[in-house]
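The chain contents come next:
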Amino acid sequence: MAGPPLWERRLRFVLGKGGAGKSTVSAALGLAEARAGKRVLVCEVAGQHRIARLFRVPEALEEQAVELAPGLSVVSIDPERATEEYLAGQLKVRPVVEMLTRSKAFHTFAAAAPGLPELVTVGKVWSLAIALDGDGVPVWDVVIVDCPATGHGVAMLETAANVEEMVGQGPIGDQAARIREVVSHPGATGIVVVARPEELAVSEAVEAVGILRADGLPVAATVLNGVREPRFSAGERDALAAAAAAGSTAVRAAAEAALRHLGHEEDDAAYRDRLAGAGVPVLTLPEVVLRRFDIEALEILSAHLAAGAGAPAPAP
């Protein structure tokens, strides 16, 4: 599916296997855009509260944006509250909405209704992405969604099309159609699939790219997160092996460590090639080793993402 570079798409969904670093990538993407002078909102869904911790700020309250850094904010989207907001827009009678949302039976139904929690979550993201201020200017230049883990994240992205097909015409079907148009529009939306350089994570990422593209959803990039720093070349392998076999104790230990690192480098390169075989651009992020992973680490990662993807330069 053709489309502009990732940095030109206003709505971005970031997903990946649990532990792949999708929250970190979401934060780094947002920070890179904020440093370029954009107004950026990162949305956390499915009860996640990781982004604020990365910035060492209080967790985002439900439905209330919290500033993380100049130009960068985070909001946590609660499906139940989003459902209440959706009903208020449809029923127009606040007392009826309040009566329904106070009902335990309603909450049980809402949680079990096929696709409803996902639809209202994506619908809330959609409303934030298209929100305008009093002058008709978008409130947010970029909206980034830190999705649930891969399987649930893919289901969330597919839900608008599924609901539209299931219910047909009517208020719910019409809204699902509008959401689907934005989520599947390659000029407006880009999906980023994150993986660590590990067999299962890369295999799952490649599979997710295939599923999303088959469903007509705009995958804009993959990210290989935690790539070891290149230190050696394949041409140095023989010399390292000889040192490991015949050197002093200290030399052998150093040579063996170098050979292990070279092996990791080669594995990382192979994983990158496998991601590239999925047919979308691959961005790489280095393994960052710091005593505490916080804004300093995010600055390093955001700079790598910006350089690798041709993002706008930081604002003066």
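None of these values were measured; they are calculated from a predicted model.

Caption draft 1: Region of interest: the overall build of the protein. Looking only at helices and strands, one finds 12 helices and eight strands in the protein. Buried residues in the protein amount to 46% of all 316 residues. Relative to all contacts within the protein whose residues are 6 or more apart in sequence, the contacts with residues 24 or more apart total 71%. Carbon and sulfur atoms make up 57% of the accessible area of the protein, which amounts to about 14,900 Å² in all.

Caption draft 2: Fine view of the pattern of salt bridges. Evaluated as defined, the whole model comprises 10 salt bridges. Residue K38 is joined to E33 by a salt bridge in which the shortest nitrogen-to-oxygen separation is 3.5 Å. A residue is classified by how much of its surface remains accessible, and E33, at 0% relative accessible area, is buried. Between R274 and E199 there is a salt bridge; the shortest N-O distance is 2.9 Å. With R274 in helix α11 (residues 249-276) and E199 in helix α9 (residues 199-214), this pair connects stretches of sequence that are 75 residues apart. Judged by relative accessible area, R274 falls into the partly exposed class, the value being 33%. Under the relative-accessibility criterion, E199 is labelled partly exposed at 44%. Beyond isolated ion pairs, a larger network of salt bridges with shared partners links R12, E33 and K38.

Caption draft 3: View of the sheet that holds strand β2 (residues 40-44). Here we have eight strands laid out as an open sheet, ordered β3-β4-β2-β5-β1-β6-β7-β8, and mixed in their pairing. Of all the strands in the sheet, the pair left with one neighbour each is β3 (66-69) and β8 (282-286). The sheet shows a mean angle of 25° between the axes of neighbouring strands, direction not considered. When strand β1 (residues 11-16) meets strand β5 (residues 142-149), the two strands line up parallel, connected through five bridges. The residue of β5 that forms the bridge with V14 is D146. Strand contacts of α9: β1, β6 (189-195) and β7 (219-227), with the helix running at about 160° to β6, the strand carrying the most contacts. With respect to the sheet, α11 is in contact with β7 and β8, its orientation differing from that of β7 by roughly 170°.

Caption draft 4: Geometry of the nonpolar core. In terms of nonpolar packing, the biggest core is built from 44 residues, with F13, C43, V145, L157, I191, V193 and L212 touching the most fellow members. Discounting chain neighbours no more than four positions away, the residues touching V193 are L15, A205, A208, V209, L212, V219, A221, T222 and V223. Core analysis: the second largest hydrophobic core is formed by 35 residues, L6, I51, L54 and V66 among them.

Caption draft 5: Inspection of α11 at higher detail. Under the 1.5 Å per step criterion, the end-to-end length of α11 is 41 Å for 28 residues, consistent within 8% with the ideal 40 Å. Those residues of α11 not exposed but buried are A255, A258, H261, L262, G263, E265, D268, Y271 and L275. Tucked inside the fold, the buried residues of α11 contact α9, β7, α10 (237-246) and β8.

Caption draft 6: Region of the structure containing the packing of α9 against α11. Running from N to C, α9 and α11 point in directions that differ by 10°, and their axes come no closer than 9 Å. It follows from the interaxial angle that α9 and α11 lie roughly parallel. As for how α9 packs across α11, the hand of that crossing is right-handed. Seen from α9, the contacting residues are E199, V202, S203, A205 and V206; seen from α11, they are Y271, R274 and L275.

Caption draft 7: Molecular detail of the environment of I300. Mapped onto the fold, I300 is located in helix α12 (residues 295-309). Given a relative accessible area of 34%, I300 falls into the partly exposed group. The spatial distance from the C-alpha of I300 to the C-alpha of L285 is 9.1 Å, given a sequence separation of 15 residues.

Caption draft 8: Molecular detail of the side chain of T150. Secondary-structure assignment places T150 in helix α7 (residues 150-167). A distance of 2.9 Å separates a polar atom in the side chain of T150 from the backbone nitrogen of K17. Leaving out residues up to four positions away in the same chain, T150 has contacts with L15, G16, K17, E204 and A208.

Conventions adopted
- Residues numbered from 1 in each chain as written.
- Predicted model: local features only at pLDDT ≥ 70, side-chain atom pairs only at ≥ 80, totals over all residues.
- Heavy atoms only, no water.
- Helix = DSSP H or I, 4+ residues; strand = E, 2+ residues; numbered from the N terminus.
- Buried < 20%, exposed > 50% of the residue type's maximum accessible area, 1.4 Å probe, protein only.
- Contact = heavy atoms within 4.5 Å.
- Areas by Shrake-Rupley, 256 points an atom, 1.4 Å probe, with all protein chains shown as cover.
- Salt bridge = Lys/Arg side-chain N within 4 Å of Asp/Glu carboxyl O.
- Pairing = 2+ DSSP bridges.
- Axes fitted to C-alpha atoms, helices over the stretch in contact; angles between N-to-C directions.
- Core = buried A, V, L, I, M, F, W, Y, C linked by side-chain atoms within 4.5 Å.
- Expected span 1.5 Å × (residues − 1).
- Parallel < 35°, antiparallel > 145°, perpendicular 65-115°, else oblique.
- Left-handed = near helix turned anticlockwise from the far one by under 90°.
- Polar contact = N/O pair within 3.5 Å; in protein donor to acceptor, adjacent residues only side chain to side chain.

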